[in-house]
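Observations on the model geometry
Each chain, letter by letter, is given below.
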Amino acid sequence: MSLTERLSRATSHVPGPVAVVDLDAFDANATDLLRRAGGRPVRVASKSVRVRSLVGRALDAGFAGVMSFSLAEALWLAGTGVRDVLVGYPSVDRDALARLAGDATARREVTLMVDDVAQLVPLRRALEAAGEVLPDVQVCLDVDASLRLGVGPLQVHLGTRRSPLRSPADVATLAARVEAVPGARLRGLMLYEAQVAGLPDTNPAVRLVKRLSVADVDGRRGELLAATEAAVGHRLELVNSGGTGSLETSGAGPHVTEVTAGSGLFVPGLFDGYRSFAPRPSAFFGLDVVRVPAPGWATAFGGGYPASGPAGRSRLPRVATAGWALTGAEGAGEVMTPLRRRPSGTRPLRVGDRVWMRHAKAGELMERFASVHLVRGDEVVDVVPTYRGEQRAFG
């Protein structure tokens, strides 16, 4: 029995569209991510999961701490008992900052991300409004880890446009400003090399960029850390790096204390081109065939779930049901998704059949569903809420 046949049997009583996670694949992926990190602690990126029970499953498997995508989410997770939550992005959410300042548990378990002195203004105001000095709000600095080649107007920037912090002087200056905020303490640095972790190994040029990037960030990390520690007068306990696509190189990097991964638990479509690990998809969504307009064609209900990023075919779902593909003219539709049979000899799809797809990205799939069915073998063993199904309890 094929994987998609198992999923169809397990969810035959559930109307589509339906989201599922194959727990056997999820657990195997968790084990593989920990192995690839080479003994370095791995923090789970919650934005790539967005299911509280599956975040907890990764932690139970051996992941160490969570990287959240908002301060409000971090406060919610800490309130449910999750330990050591690093907010992956800066926040100016005044309500969430006020809740952080007034909650001793949150101050102990949550670390803010900062890369600009302007982000310290709402933090300072929240601490002042709390009415007392609270010397335990933890802060991490996000440092630009992109690769820059050349100089002056000929310089090429390879990587994402994230933090404005790059040089040791930049980082040291902001570090000192953090510690000048009464009640704030700098805990660490993060250097996310997106051009390594987030790019599939599609051609020799990409692989060259990755090699150059690893050497560049490994060479700069020590200087950045030394300058920061000199500016604040104490050691930093946290130096975060990496992602699913760079666990081996990031985990082996000098001064790195931990790495982060999340997408590798689901292995979405955009991860099919990586050579550093064998793709083992665990997250799928199933659509019901409602129309057969002509021989070799089928139309499924729903499925228009494109991923964020530059618009194009790479952001469309991947058809997991063997022998079928999206059409070039229509792609994945808001209400109807037409499918074309490949000339591979697979049987036709009939009205009432279920066709399976994978999202191009990981956690974004869960934004489309209130619950996800957890499957082992050909049985649903649990149905759990997604973040959306939690009615955005974290704000």
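See the structure shown above.
Residues numbered from 1 in each chain as written. Predicted model: local features only at pLDDT ≥ 70, side-chain atom pairs only at ≥ 80, totals over all residues. Heavy atoms only, no water.

**Some details on the packing of helix α4 (residues 71-79) against helix α5 (residues 94-101)**
As a packed pair, α4 and α5 sit with axes 9 Å apart at the nearest point and diverge in direction by 35°. When you trace α4 past α5, the crossing you get is left-handed. Every residue of α5 that contacts α4 at Leu 71, Ala 72 and Leu 75 is listed here: Ala 96, Leu 97, Arg 99 and Leu 100. Grouping the constituent residues of the contact of α4 with α5 by class yields 6 nonpolar, no polar and 1 charged. (Axes fitted to C-alpha atoms, helices over the stretch in contact; angles between N-to-C directions. Helix = DSSP H or I, 4+ residues; strand = E, 2+ residues; numbered from the N terminus. Left-handed = near helix turned anticlockwise from the far one by under 90°. Contact = heavy atoms within 4.5 Å. Nonpolar A, V, L, I, M, F, W, Y, C, P; charged D, E, K, R; others polar.)

**Regarding the side chain of Thr 321**
Locating Thr 321 in the fold gives a position in the loop between β14 (318-319) and β15 (324-326). Residue class for Thr 321 comes out buried when judged on its relative accessible area of 12%. Not counting residues up to four positions away in its chain, the partners in contact with Thr 321 are Thr 4, Arg 354, Val 355 and Trp 356. (Buried < 20%, exposed > 50% of the residue type's maximum accessible area, 1.4 Å probe, protein only.)

**Thoughts on helix α2 (residues 23-36)**
Given a rise of 1.5 Å per residue, 14 residues ought to cover 20 Å, and the 20 Å separating the end C-alpha atoms of α2 matches this to within 8%. Along α2, the residues classified as buried are Leu 23, Ala 25, Phe 26, Asn 29, Ala 30, Asp 32, Leu 33 and Arg 36. Measuring from the side-chain oxygen of the N-cap residue of α2 to the backbone nitrogen of Asp 24 gives 3.0 Å; that N-cap residue is Asp 22. Phi for Gly 38, located one or two positions after α2, is positive at around 65°. (Expected span 1.5 Å × (residues − 1). Polar contact = N/O pair within 3.5 Å; in protein donor to acceptor, adjacent residues only side chain to side chain.)

**Observations regarding the layout of surface pockets**
Within this model, the second largest pocket holds a volume of roughly 340 Å³. Considering the residues around the second largest pocket, the lining is formed by 17 residues, among which Glu 5, Thr 321, Arg 347, Leu 349 and Arg 354 are closest to the centre. Those elements giving two or more residues to the lining of the second largest pocket turn out to be α1 (3-10) and β17 (354-358). If you tally residues by element for the lining of the second largest pocket, the top one is α1, at 3 residues. (1 Å grid on protein atoms, 1.4 Å probe; cavity = no way out; pocket = protein on both sides within 12 Å on 5 of 7 lines; lining within 4 Å. Points joined across faces, edges and corners; volume = space filled by probe spheres on them.)

**A closer look at the pattern of salt bridges**
Here the structure, examined in full by the defined rule, presents 24 salt bridges. Across the salt bridge formed by Asp 27 and Arg 57, the nearest N and O atoms sit 2.7 Å from each other. Of the two residues, Asp 27 sits in helix α2 while Arg 57 sits in helix α3 (residues 52-61), which places them 30 residues apart along the sequence. Judged by relative accessible area, which is 27%, Arg 57 ranks as partly exposed. Arg 36 is paired through a salt bridge with Glu 248; the nearest N and O atoms lie 2.6 Å apart. Here the residue Arg 36 occupies a position in helix α2, and Glu 248 occupies one in helix α11 (residues 247-251), the gap between them amounting to 212 residues. Its relative accessible area of 4% is what places Arg 36 among the buried residues. (Salt bridge = Lys/Arg side-chain N within 4 Å of Asp/Glu carboxyl O.)

**Remarks on the nonpolar core**
Counting 88 residues, the largest nonpolar core has Val 21 and Leu 141 as its most contacted members. Ranked by residue count, the leading element in this core is α4, at 7 residues. Counting 8 residues, the second-largest nonpolar core is a separate cluster that includes Ala 10, Val 14, Val 20 and Phe 284. (Core = buried A, V, L, I, M, F, W, Y, C linked by side-chain atoms within 4.5 Å.)

**Topic: a nonpolar patch on the surface**
Together, Val 290, Phe 301 and Val 335 give the surface a local cluster of nonpolar side chains, amounting to about 230 Å² of exposed area. Inspection of the secondary structure assignment puts Phe 301 in strand β13 (residues 297-301). For Phe 301, a relative accessible area of 39% gives the class partly exposed. (Patch = residues over 30% accessible without salt bridge, like charges linked within 9 Å, V, L, I, M, F, W, Y side chains within 5 Å. Areas by Shrake-Rupley, 256 points an atom, 1.4 Å probe, with all protein chains shown as cover.)

**What about the sheet that holds strand β11 (residues 258-261)?**
The 8 strands lie next to each other as β2-β3-β4-β5-β6-β9-β10-β11, forming a closed barrel whose pairing is parallel. Neighbouring strand axes in the sheet, compared pairwise and without regard to direction, differ in orientation by 30° on average. For strand β9 (residues 184-191) and strand β10 (residues 238-241), the ladder comprises 4 bridges, and the chain directions are parallel. Bridge pairing in β10 places Met 190 opposite Asn 240. (Pairing = 2+ DSSP bridges.)

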